[in-house]
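Survey of secondary and tertiary structure
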Amino acid sequence: MQILLVEDELRLAKALKQILEENKYMVDAVANGQDGLDYGLSGIYDIIILDVMLPKMDGMTVAKTLREKGVNTPIIMLTARDSIRDKITGLDSGADDYMTKPFSPNELLARIRALTRRYSEVLADVTEFGDFTFNTSVSTVSKGDKSIKLNFKEAEILKLLILRKNVPVSKEELITKVWGFESDAGDSNVEAYISFVRRKLAFIQSEITVTSYKKRGYMLESANAKETA
Ligand code: CA
């Protein structure tokens, strides 16, 4: 589980990073809004903890920009302010949850667990994407009367690609999330499994395929769109 922490109060940032790491999260900490946006756009994080008052770019703008660019990583906003208006503005800008400083680390950990649970449940048992249906409970993709079963890794890859929609998923992220952080899987493992997923989508004659973008990763797209792009 990877967390991006965007907080300019260095003592608080350091304390939070330590607590999160003690709880087995991997944490990247940055201290201004612009870095927060740049890191957040990578799409590799499971949660972004985002302060509102930040140098260079405020947290609301960071959240709003991430959402506009299609990054749907859950965001917990941290603010010293506790007015209803600020909360509404924050949630409107794309944050998923809110914490008012000062807060207890245990509460933050509880919110993180709640959000990641919610996030992992974002995909319903039966999810439609483009012209195909992905049944996650039995790991099948189908279109019309054609259906084929995915193995565990293929299904995990497809889930990530569907959740990310129009933001490419990098090879590094696929390795971390599908094979595990400590695995020694490499690019060639990812490439092999991506080709399996492509083959299965082709088998059910879906117009959707997995396109690859040099250095940025993989994305689900209409096979026709790729040709005209
Ligand atoms: Ca601040």
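Just so it is clear, the model here is predicted, and its values are computed rather than measured. Every residue gets a number counted from 1 within its own chain, in the order that chain's sequence is written. This being a predicted model, a pLDDT of at least 70 is required before a residue's local features are given, and a value of 80 or more before pairs of side-chain atoms are given or counted; all residues contribute to the totals for chains, interfaces and linings. Hydrogens and water molecules were not included; the side-chain quantities draw on all heavy atoms of the structure.

**Details of the packing of helix 6 (residues 152-164) against helix 7 (residues 171-179)**
Working convention: axes come from line fits to C-alpha atoms, limited for helices to the stretch in contact. Angles between N-to-C directions cover 0 to 180 degrees. Here a strand is any run of E in DSSP of at least two residues, a helix any run of H or I of at least four, and the numbering for each starts at the N terminus. For the pair helix 6 and helix 7, interaxial distance at closest approach is 10 Å and the crossing angle is 130°. When the interaxial angle is binned, helix 6 and helix 7 end up oblique. Taken as a pair, helix 6 and helix 7 cross one another with a handedness that is right-handed. Across the interface between the two elements, Lys-153, Glu-156, Ile-157, Leu-160 and Arg-164 from helix 6 touch Glu-173, Leu-174, Lys-177, Val-178 and Trp-179 from helix 7. Gly is put with the polar residues, along with every residue not named as nonpolar or charged; the nonpolar set is Ala, Val, Leu, Ile, Met, Phe, Trp, Tyr, Cys and Pro, and the charged set is Asp, Glu, Lys and Arg. Each residue belonging to the contact of helix 6 with helix 7 can be placed in one class, and the counts come to five nonpolar, no polar and five charged. If an angle is under 35 degrees, it is roughly parallel; if it is over 145, roughly antiparallel; if it lies from 65 to 115, roughly perpendicular; otherwise it is oblique. Crossing handedness is defined as follows: a turn of the near helix away from the far one that is anticlockwise and smaller than a right angle gives a left-handed crossing, while the clockwise case is right-handed. Contacts are assigned to residue pairs that have any heavy atoms within 4.5 Å of one another.

**Concerning unusual backbone geometry**
Here the amide bond leading from Lys-101 into Pro-102 is cis, since omega sits at -5°, within 30 degrees of zero. Tracing the backbone through its elements, the reader meets Pro-102 in the loop between strand 5 (97-100) and helix 5 (105-120). In this structure, Ser-139 is a non-glycine residue whose phi angle is positive, near 55°. By secondary structure assignment, the location of Ser-139 is in the loop between strand 7 (132-135) and strand 8 (140-143). Note on Ser-139: relative accessible area 16%, which makes it buried. Buried means the residue's accessible area, taken with a 1.4 Å probe over protein chains only, is under 20% of the maximum for its type, while exposed means over 50%, and partly exposed covers the values in between.

**Side note on the coordination of the calcium ion**
Protein-derived coordination of the calcium ion comes from Asp-8 (OD), Asp-51 (OD) and Met-53 (O), at a distance range of 2.1 to 2.3 Å. Here the term donor refers to an N, O or S atom within 2.8 Å of the metal (or 3.2 Å for Na, K and Ca), and because water is left out of the atoms, sites may appear incomplete. Considered as a linear motif, the donors of the calcium ion on their single chain read D-x42-D-x1-M. In this pair, Asp-8 is assigned in the loop between strand 1 (2-6) and helix 1 (10-22) and Asp-51 in strand 3 (residues 47-51), connecting sequence segments 43 residues apart. By relative accessible area, which is 3% here, Asp-51 ends up buried.

**Focus: the sheet that holds strand 2 (residues 26-30)**
Strand pairing follows a simple DSSP-based rule, namely that at least 2 bridges must link the two strands. Read across the sheet, five strands follow the order 2-1-3-4-5 without closing on themselves; strand pairing throughout is parallel. Strands with a single pairing partner mark the edges of an open sheet, and in this sheet they are strand 2 and strand 5. Ignoring which end each strand starts from, the neighbouring axes of this sheet average 20° apart. Sheet analysis places strand 1 next to strand 3, joined by four bridges and oriented parallel. Counted as the bridge partner of Leu-5 is Ile-49 from strand 3. Along the sheet, helix 3 (residues 59-68) makes contact with strand 3, strand 4 (75-79) and strand 5, crossing strand 4 at roughly 170°.

**What about the pattern of salt bridges?**
A pairing counts as a salt bridge when a side-chain nitrogen of Lys or Arg comes within 4 Å of a carboxyl oxygen of Asp or Glu. Considering all chains together, one arrives at 13 salt bridges under this definition. As a salt-bridge pair, Arg-111 and Asp-97 come within 3.1 Å of each other at their nearest N and O atoms. In this pair, Arg-111 is assigned in helix 5 and Asp-97 in strand 5, connecting sequence segments 14 residues apart. On the basis of relative accessibility, which here comes to 22%, the residue Arg-111 falls in the partly exposed class. A relative accessible area of 18% places Asp-97 in the buried class. Connected through shared salt-bridge partners, Glu-7, Glu-9, Asp-51 and Lys-101 make up one network.

**Notes on the packing of aromatic side chains**
One pair of aromatic rings is described through two measures. These are the centre distance and the angle between the planes. Pairing of aromatic rings covers Phe, Tyr and Trp, the last counted by its six-membered ring, and requires centre-to-centre distances within 6.5 Å; plane angles under 30 degrees mean stacked, over 60 mean edge-to-face, and any other angle means tilted. Under the defined criterion, the tally for this structure stands at three aromatic pairs. Relative to Phe-132, the ring of Phe-129 has its centre 6.0 Å away and its plane inclined at 40°; by these criteria the two rings are tilted. The burial state of Phe-129 is the same as that of Phe-132; both residues are buried. Aromatic pair Trp-179 and Tyr-193: ring centres 5.5 Å apart, planes at 75°, arrangement edge-to-face. Within this pair, whereas Trp-179 is found in helix 7, its partner Tyr-193 is found in helix 8 (residues 187-203), the two being separated by 14 residues in sequence. Here the aromatic residues Trp-179, Tyr-193 and Phe-196 are joined through ring pairs into a cluster of three or more. A cation sits over an aromatic face here: Lys-146 above Phe-203, 5.8 Å from the ring centre. Stacked on the ring of Tyr-213, the Lys or Arg Arg-216 has its end atom at 6.0 Å from the ring centre. Our definition puts a charge over a ring when NZ of Lys or CZ of Arg is within 6 Å of the ring centre and also within 35 degrees of the ring normal.

**Looking at the nonpolar core**
Nine residue types can take part in a nonpolar core, namely buried Ala, Val, Leu, Ile, Met, Phe, Trp, Tyr and Cys, and a core is a set of them joined through side-chain atoms within 4.5 Å. Core analysis: the biggest nonpolar cluster contains 28 residues, and Phe-132, Phe-134, Leu-158, Leu-174 and Leu-220 have the highest contact counts within it. Elements with a minimum of two residues in this core: strand 7, helix 6, helix 7, helix 8, strand 10 (208-213) and strand 11 (217-222). Of all the elements, helix 6 adds the most residues to this core, at seven residues. Residues in contact with Phe-134, not counting those within four places in the same chain, are Leu-123, Asp-125, Val-126, Thr-127, Ser-139, Thr-140, Val-141, Leu-150, Ala-155, Leu-158, Lys-159 and Ile-162.

Coordinates in, geometry out; function isn't part of it.
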